[in-house]
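Coordinate analysis (summary)
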Amino acid sequence: SVSIQPANLTLVVNRTADASRYNWQISSMPEFTVLLLSEVTADTTYPAQLSGGRTYYLRVRGVNDLGESAFSSVVTFTTMTPPARTTLVSPANNAVNVVSDSVFFFWRPVSGADSYNLQLSTISSTATYSTTDTTYRVNNLAKLTNYTWKVEAINGGGTSYYTGAFAFTTVPAVPAAPALVAPASAAASVNRATRFVWRASVNANKYRLQVATDNAFATVVTDT
C-alpha cells in the first residue's frame, strides 16, 4: 500500500557497516528515469521538501571510497494534498467605519485544513497571524486607515492559494474639543439673538451645543 506523508518530511535509512555516505534518490516515476532528487549525505536522515498531492518513489544506496552498493528496495509514498482556498466573510469587502479597537475576522472552514494564516496590510506595513480557528481578533488598529486582508489554508501537504484581498476602512479618531470663539468668556450685555462660534475640530462631522445658566450645567437652557 502507498502511505500518505506530509510534503515536508524527514527520510530515514538504517545505517550499514561499510557505508560512510548515503545516496538518496527520489523520482515521480517507478523506473527512476527522471530524478527529482539525487543527494549524498553522511547522515542516515534527509529532510525532504516535496510538493503536496503527488506520488513519489524513494531508493537509497550506501557509498564509501571503494564504490557504491546496490540500491535498496523502492519505497512508494504520496504526499498530502494541500487544502482548497477558503472564502472571506467579515469584515465585508469595502466596509467602512469598522470599529478599530477590536476587529473580528471571519472566513469559511476548508476541509482538510489544519491552520490558517491571516495577512493584514496597510499601504506601509504587513502583519501575519496564525490560527487553527476560522476567526481571529486583532485589537487596536489605527483609526481612519485603509486595510486589506486575505487568508491562506495550511495542512501537511502545503498551503492553499491566498484568497483575493478584502478592503475596509476603520472609524475616524475621536475629535478634539472645539475651541470657543464667541461670545468671549465673561462677556457682558450679550445680545439675546447672539451667534455662537467655535473653531472646527479635525474628524468632527457635527457638533453639540449646550448653553446653561451655571458652570456645572445643572440648568441647561439649550441642548442641540
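Here the structure is shown first, and the text comes after it.
Residues numbered from 1 in each chain as written. Predicted model: local features only at pLDDT ≥ 70, side-chain atom pairs only at ≥ 80, totals over all residues. Heavy atoms only, no water.

What follows deals with the overall build of the protein chain. When its secondary structure is counted, the protein chain shows zero helices and 21 strands. Compactness check: the protein chain gives a C-alpha radius of gyration of 33 Å against a globular reference of 17 Å for 224 residues, more than 25% above the reference. Expressed as lengths along the three principal axes of its C-alpha atoms, the size of the protein chain is roughly 115 × 35 × 30 Å. Sorting the 224 residues of the protein chain into buried and exposed places 29% on the buried side. Taking the intrachain contacts of the protein chain between residues at least 6 apart in sequence as the baseline, contacts between residues at least 24 apart amount to 57%. For the protein chain, the accessible area works out to roughly 14100 Å², and carbon and sulfur atoms hold 51% of it. (Helix = DSSP H or I, 4+ residues; strand = E, 2+ residues; numbered from the N terminus. Rg over C-alpha atoms; globule rule 2.2 N^0.38 Å. Buried < 20%, exposed > 50% of the residue type's maximum accessible area, 1.4 Å probe, protein only. Contact = heavy atoms within 4.5 Å. Areas by Shrake-Rupley, 256 points an atom, 1.4 Å probe, with all protein chains shown as cover.)

As a further point, take the environment of Val99. With respect to the helices and strands, the residue Val99 is situated in the loop between β10 (95–98) and β11 (102–107). Linking Val99 and Asn140, residues 41 residues apart in sequence, is a C-alpha distance of 9.3 Å.

Describing an aromatic ring pair means giving the distance of the ring centres and the angle of the ring planes. Within the structure shown, the criterion is met by ten aromatic pairs. On the numbers, 6.3 Å between centres and 25° between planes, the contact of Phe104 with Phe106 is stacked. Here Phe106 falls in the partly exposed class, since its relative accessible area comes to 37%. Grouping aromatic residues by their ring pairs yields a cluster made of Phe105, Tyr147, Trp149, Phe166 and Phe168. Directly above the ring of Phe32 sits Arg59, whose terminal nitrogen or CZ lies 4.1 Å from the centroid. The residue whose ring lies beneath Arg59 is Phe71, and the NZ or CZ to ring-centre distance is 4.0 Å. (Phe/Tyr/Trp six-rings, centres within 6.5 Å; stacked < 30°, edge-to-face > 60°. Lys NZ or Arg CZ within 6 Å of the ring centre and 35° of its normal.)

Okay, the pattern of salt bridges next. Evaluation of the coordinates by the stated rule reveals four salt bridges. Salt-bridge contacts for Arg61 lead to Glu68; the nearest nitrogen and oxygen are separated by 3.3 Å. (Salt bridge = Lys/Arg side-chain N within 4 Å of Asp/Glu carboxyl O.)

An order of β9-β11-β14 is seen for the three strands of this open sheet, with the pairing classed as antiparallel. Looking along the sheet, the strands with just one partner apiece sit at the ends: β9 (88–90) and β14 (135–139). Shown here is a sheet whose adjacent strand axes are inclined to one another by a mean of 25°, direction ignored. The pairing of β9 with β11 spans two bridges and is classified as antiparallel. Its bridge partner lying in β11, Leu88 is registered against Trp107. (Pairing = 2+ DSSP bridges. Axes fitted to C-alpha atoms, helices over the stretch in contact; angles between N-to-C directions.)

Within the secondary structure, Arg61 is located in strand β6 (residues 55–64). Judged by relative accessible area, Arg61 falls into the buried class, the value being 18%. Looking at Arg61, its side chain comes within polar contact range of the side chain of Glu68, at 3.3 Å. (Polar contact = N/O pair within 3.5 Å; in protein donor to acceptor, adjacent residues only side chain to side chain.)

With that settled, the discussion passes to the environment of Val211. The topology assignment puts Val211 in strand β20 (residues 210–212). Considering only alpha carbons, one finds Val211 and Phe71, 140 residues apart in sequence, at a separation of 94 Å.

So far we have only geometry, and geometry alone does not tell us how the molecule works.
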